[in-house]
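For reference, the chains in residue letters:
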Amino acid sequence: MAAVVVDGSSSLSFERWERRSNAFARGLARRGVRPGDPVLLVFDNSHLTDYAVAYVGVHKAAAVAVPVSSRIAAPALEGILRQCGAAAVIRPLDLGPCLQAPPLWGRAWHADPATLEADHSIEEFQVPLAPGDRAEILYTSGTVGTRKGVSCSHEDITLDARPPVAERCPRAATLFLHAFPPGTNAAQEGIRLPLRHGDKCGVVLPSFEPERFCQVICERGISRLQLVPALAQVILESGAPARYDVTSIERVVLTGAPAPPALLAKLADAFPRAAIWNSYTLTEAAQARTIMRYDGTRAGSVGRPDAGTEVRVADAVGVDLPPGQTGEIWLRRAGGPQRHYHDDPEATSAAFVDGWLRTGDLGYLDTDGYLYLVDRKDDVIVSGGSKISCIEVEAVLAEHPAVVEAAVFSLPHGVLGHAVAAAAAVRSHVEVASLRSFVRRRLGDIEAPQQILLVERLPRNQSGKVLKDDLRRAMLNAPAPVPIGLAEGATQIAIRSMWQEVLGVEQVGPDDDFFDQGGHSLAASRVLSRIEEQLGVRLAVTAIFDCPTVAALSAAVDRARRG
């Protein structure tokens, strides 16, 4: 039975997973990897079966997995490598160079996963380890401050493991579909779910495309979706759920970021037979989370504690607050292992207290124990002495018929201290004044954004979180003049057409920057898929980041074609 499937590419059975990971672990040991050594795993979703083998193989060698997405920028990747002290870097050869030069790798050696498997026995292999030994380091997305490595033990990641399916009643596998990139907490859970339960099979697309995403649901009879709100929004905006039979979906789980109530309602309409679940957790929180099924009531809630989770809402000195009062959210799973920040005792002591995680998020509990998010502590706007919730303003903007999604942030103000500003991705023409009035009528004058930037797409990091600092800088700085490009060739014309379609813009010049036009990592994947389909050229996933203009990307395509 398949455990991991990459659509249109490869699949991995439990038996092959076991045998290949044994050979991989032997390859690591042969190259000198010792118990406790960090091993950097640089992969994308098109190589997810190889990643699954490498991930388990690292554990069988009693080493520490450090998974990161291949889309991460080279300087950030170098910083992670140095911070974790990786002994080795494992990545597929056809991903292209992830680090700029071997000297930057320090003491780490580099290998392709296939090389480590080759010529090694597939018989059972396991270097002894203890439940409390470190299993992996997950690096947080870094939307606020620098990235931190969250250290997880084997006891932590195997919590809730069940007997193998063969020891229970065998039945058809439950297929779940996701698009989380390697290195995220959600992606790790997607890999471990088949290992924990034995009757689950994870399906991913090599690159995210909403049309193909819904087509796969129809073709394979997918029953569960696991999404971040950003991906859910893209799927809904594409209209693809209406063009395919998606009635096999029984459950849609949102995680990773606050979901506007309007998005939950739209998902319920798009997947009429599915239960829509909204959940809340953090990478640092391990298995602690809240969750609830959306039914139109308590639309702004992220649910109640699940599976032994405990939730507190406390003031600045850690005293519990009564229902209805806003404070910092604390999470823990009673009796469960606690994570910590790798090689950062100061940050660990500030965030982890007596088994509790101080999340840094603000929220409140109602009298029935349902949790409501208000904002990040660092993201609440104090304007003229009044505290304003970015999440609340974003939710209202998302209800406007012309708005796809919105991000709210602060700008410096000479009188108020900080002013409310917003960026709105819109699907049709709308006047900024009407959006401001829309918020004012629902929330009041104080909450209405003083400035609103209309964009095609909101910029996001690899985890799908909105980069508000980028929006803030875009609003503070005057736009640079668009340079005049050279005459277009056939490749440029084709790529310009792809950009117009994917980004939804009417005009694109040869020297227009993809990301200035509203591009983001998801859109970049879609353009690269079209280039491969229409022009027959497969580029590295970093191609648009390295060649962000039509002219530069066209030149890269022409070079690849000649090669």
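(A) Focus on the pairing of strand 15 (residues 301–305). The pairing of strand 14 (residues 290–293) with strand 15 spans 2 bridges and is antiparallel. Following the sheet pairing, Ile291 is matched in strand 15 by Arg304. Relative to strand 21 (residues 371–376), strand 15 runs antiparallel, the two being bridged by 2 bridges. When the bridges of strand 21 are listed, Ser301 appears paired with Tyr372.

(B) The arrangement of the pattern of salt bridges in detail. Throughout the structure, instances matching the rule amount to 29 salt bridges. Between Glu209 and Arg526 there is a salt bridge, and its shortest N-O distance comes to 3.3 Å. With Glu209 in the loop between strand 10 (200–204) and helix 7 (210–220) and Arg526 in helix 15 (residues 521–535), this residue pair connects regions lying 317 residues apart in the sequence. On the basis of relative accessible area, Glu209 is assigned to the buried category, the value being 13%. Classification of Arg526 by relative accessible area gives buried; the value is 13%. Between Arg212 and Glu219 there is a salt bridge, with the nearest N and O atoms lying 3.0 Å from each other. Since its relative accessible area comes to 22%, Arg212 is described here as partly exposed. The network of salt bridges with shared partners includes Glu136, Glu189, Arg192 and Arg196.

(C) The arrangement of the packing of aromatic side chains in detail. Inspection of every chain in the model, using the stated rule, returns 7 aromatic pairs. Consider the rings of Tyr341 and Phe352, whose centres lie 5.5 Å apart with planes at 65°: the pair is edge-to-face. Placement of the pair is Tyr341 in strand 18 (residues 340–341) and Phe352 in strand 19 (residues 352–353), with a sequence separation of 11 residues. Each member of the pair Tyr341 and Phe352 is classed as buried. Ring centres 5.0 Å apart and planes at 70° place the aromatic pair Trp499 and Phe514 in the edge-to-face group. Of the two residues, Trp499 is situated in helix 14 (residues 490–503) and Phe514 in the loop between helix 14 and helix 15; the sequence distance between them amounts to 15 residues. When sorted by exposure, Trp499 lands in the same class as Phe514, which is buried. Aromatic ring contacts, followed pair by pair, group Phe43, Tyr51 and Tyr55 into a single cluster. Stacked on the ring of Trp330, the Lys or Arg Arg312 has its end atom at 4.4 Å from the ring centre.

(D) Focus on unusual backbone geometry. Although it is not a glycine, Ala62 sits at a positive phi angle of roughly 60°. Looking at where Ala62 falls in the secondary structure, it is placed in the loop between helix 2 (48–60) and strand 4 (64–69). The class for Ala62 is buried, based on a relative accessible area of 8%. Phi angles above zero are rare outside glycine, and Ala286 is one such case at about 55°. A residue is classified by how much of its surface remains accessible, and Ala286, at 14% relative accessible area, is buried.

(E) The arrangement of helix 6 (residues 185–197) in detail. In this model helix 6 runs 18 Å from its N-terminal to its C-terminal C-alpha over 13 residues, within 8% of the 18 Å that 1.5 Å per residue would give. At Ile191, helix 6 shows its largest kink, close to 30°, and the proline Pro194 lies no more than four residues downstream. Extensive coverage of helix 6 is indicated by the burial of 11 of its 13 residues. Of all the residues in helix 6, the buried ones are Asn185, Ala186, Ala187, Gln188, Gly190, Ile191, Arg192, Leu193, Pro194, Arg196 and His197.

(F) Up close: the confidence of the model for the chain. Scored by pLDDT, the chain comes out at a mean of 86, with 90% of its residues at no less than 70. Confidence scores differ between elements of the chain, with strand 23 (residues 386–388) showing the lowest mean pLDDT of 74 and helix 2 the highest of 97. Between residues 162–171, whose pLDDT stays under 50, and residues either more than four places distant or in other chains, the model counts 13 contacts. Segment residues 478–488 is flagged for pLDDT under 50; beyond a separation of four residues in sequence, or across chains, it makes 11 contacts in the model.

(G) Highlighting helix 8 (residues 229–238). Most of helix 8 sits out of view: 8 of its 10 residues are buried. Residues of helix 8 that are buried: Pro229, Ala230, Leu231, Ala232, Gln233, Val234, Ile235 and Leu236.

(H) Structural detail: the nonpolar core. By size, the foremost hydrophobic cluster in this structure holds 56 residues, and its most contacted members are Trp17, Leu28, Leu41 and Ile90. The biggest single contributor to this core is helix 2, with 8 residues. Apart from the residues within four sequence positions on either side, Ile90 is in contact with Phe24, Leu28, Val39, Leu40, Leu41, Val42, Phe43, Trp109, Ala111, Pro113 and Leu116.

(I) Highlighting the packing of helix 1 (residues 14–30) against helix 2. Where helix 1 contacts helix 2, the two axes come as close as 7 Å, and the packing angle between them is 55°. Relative to helix 2, the element helix 1 lies oblique. When the axes of helix 1 and helix 2 are compared, the crossing they make is right-handed. Seen from helix 1, the contacting residues are Trp17, Glu18, Arg20, Ser21, Asn22, Phe24, Ala25 and Leu28; seen from helix 2, they are Asp50, Ala52, Val53, Ala54, Val56, Gly57, Val58 and Lys60. In terms of residue class, the contact of helix 1 with helix 2 is built from 9 nonpolar, 3 polar and 4 charged.

(J) Here's a closer look at the environment of Asp315. Considering the arrangement of structural elements, one finds Asp315 in the loop between strand 16 (309–314) and strand 17 (327–333). When its relative accessible area of 25% is taken as the criterion, Asp315 is described as partly exposed. Note: C-alpha distance between Asp315 and Thr326 (11 residues apart in sequence) is 8.2 Å. Separated by 2.8 Å, the side chain of Asp315 and the backbone nitrogen of Val319 make a polar contact.

(K) Geometry of the side chain of Arg472. Here Arg472 shows up in helix 13 (residues 468–476). What makes Arg472 buried here is its relative accessible area of 18%. Separated by 2.7 Å, the side chain of Arg472 and the backbone oxygen of Ser410 make a polar contact. Residues in contact with Arg472, not counting those within four places in the same chain, are Phe409, Ser410 and Leu411.

Rules used in this analysis
- Residues numbered from 1 in each chain as written.
- Predicted model: local features only at pLDDT ≥ 70, side-chain atom pairs only at ≥ 80, totals over all residues.
- Heavy atoms only, no water.
- Pairing = 2+ DSSP bridges.
- Helix = DSSP H or I, 4+ residues; strand = E, 2+ residues; numbered from the N terminus.
- Salt bridge = Lys/Arg side-chain N within 4 Å of Asp/Glu carboxyl O.
- Buried < 20%, exposed > 50% of the residue type's maximum accessible area, 1.4 Å probe, protein only.
- Phe/Tyr/Trp six-rings, centres within 6.5 Å; stacked < 30°, edge-to-face > 60°.
- Lys NZ or Arg CZ within 6 Å of the ring centre and 35° of its normal.
- Expected span 1.5 Å × (residues − 1).
- Bend = angle between axes of the 7 residues up to and from the residue.
- pLDDT = per-residue confidence, 0-100.
- Contact = heavy atoms within 4.5 Å.
- Core = buried A, V, L, I, M, F, W, Y, C linked by side-chain atoms within 4.5 Å.
- Axes fitted to C-alpha atoms, helices over the stretch in contact; angles between N-to-C directions.
- Parallel < 35°, antiparallel > 145°, perpendicular 65-115°, else oblique.
- Left-handed = near helix turned anticlockwise from the far one by under 90°.
- Nonpolar A, V, L, I, M, F, W, Y, C, P; charged D, E, K, R; others polar.
- Polar contact = N/O pair within 3.5 Å; in protein donor to acceptor, adjacent residues only side chain to side chain.

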